[in-house]
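Structural overview for review
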Amino acid sequence: PQERVWEAITKPEFTSRYYYGSMLKTDLSVGSPFTYHMPNGAPIIEGEVVTSDPPKRLVHTYHSLWPPMNEDAPTKVSWELESMPGGVTKVTVIHEEFQGETATYQGLQSGGWTRVLRTMKWWVGRGEARPPGTWSVFLPDRRKMVGNVTPHFKTPVDKKKNPTRAELTSPRTQ
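Residues numbered from 1 in each chain as written. Predicted model: local features only at pLDDT ≥ 70, side-chain atom pairs only at ≥ 80, totals over all residues. Heavy atoms only, no water.

Moving on: the pattern of salt bridges. Counted under the stated rule, the structure contains three salt bridges. Ionic pairing is found between Glu80 and Arg57, a salt bridge with its closest N-O pair at 3.7 Å. Taken together, the residues Glu80 in strand 5 (residues 75–84) and Arg57 in strand 4 (residues 57–64) connect sequence positions 23 residues apart. Between Glu97 and Lys76 there is a salt bridge; the shortest N-O distance is 3.5 Å. (Salt bridge = Lys/Arg side-chain N within 4 Å of Asp/Glu carboxyl O. Helix = DSSP H or I, 4+ residues; strand = E, 2+ residues; numbered from the N terminus.)

Here we come to the environment of Tyr20. Relative to the helices and strands, Tyr20 resides in the loop between helix 2 (12–18) and strand 1 (23–25). Taking the C-alpha atoms as reference, Tyr20 lies 10.0 Å from Pro39; in sequence the two are 19 residues apart. The contacts of Tyr20, once residues within four sequence positions are left out, are Met38, Gly112, Arg115 and Val116. (Contact = heavy atoms within 4.5 Å.)

Turning to the side chain of Thr15, a few remarks are in order. Note that Thr15 resides in helix 2. Residue class for Thr15 comes out buried when judged on its relative accessible area of 0%. A polar contact of 3.2 Å, which involves the side chain of Thr15, links it to the backbone oxygen of Ser22. Apart from the residues within four sequence positions on either side, Thr15 is in contact with Ala8, Ile9, Ser22, Met23, Leu24 and Tyr36. (Buried < 20%, exposed > 50% of the residue type's maximum accessible area, 1.4 Å probe, protein only. Polar contact = N/O pair within 3.5 Å; in protein donor to acceptor, adjacent residues only side chain to side chain.)

In this model helix 4 (residues 112–124) runs 18 Å from its N-terminal to its C-terminal C-alpha over 13 residues, within 8% of the 18 Å that 1.5 Å per residue would give. Along helix 4, the positions that sit buried rather than exposed are Gly112, Trp113, Thr114, Val116, Leu117, Met120, Lys121 and Val124. (Expected span 1.5 Å × (residues − 1).)

What follows is the structure in structure tokens.
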């Protein structure tokens, strides 16, 4: 259900299971820090809560603290949750406001969000196997599906239209 997915996104005991072992620290109030910390306490991503509407929408800034991404300007990540029939939750993550094809943007090309969300889905589903084809990545203009099962972010076809937005949607996150 949607509330369980919200907890997976916002509770450190869940983020440590799927977000590279890191724990989220935030109180989710607008303007508060939004930071992922490694088990040794070292911060790896910092940001600030922009919007918090539990359990539907969370928007925060995003700044990686490891090289070479630490040299990039902060970007913005939006998490949108939608309850679907049958106890299914649709999760859409939009990572945008890049200053061109930065190191952070390039990091998406290797499947960073895809890996995070696929692992999150596995944990939320209590360890059940992920059905084939449940993850799809769409280009920013939403006209072309890039992949499923093992998707990767792709550079937008029309860089003039919107070079700074990558979107990942899971229609079957339970």
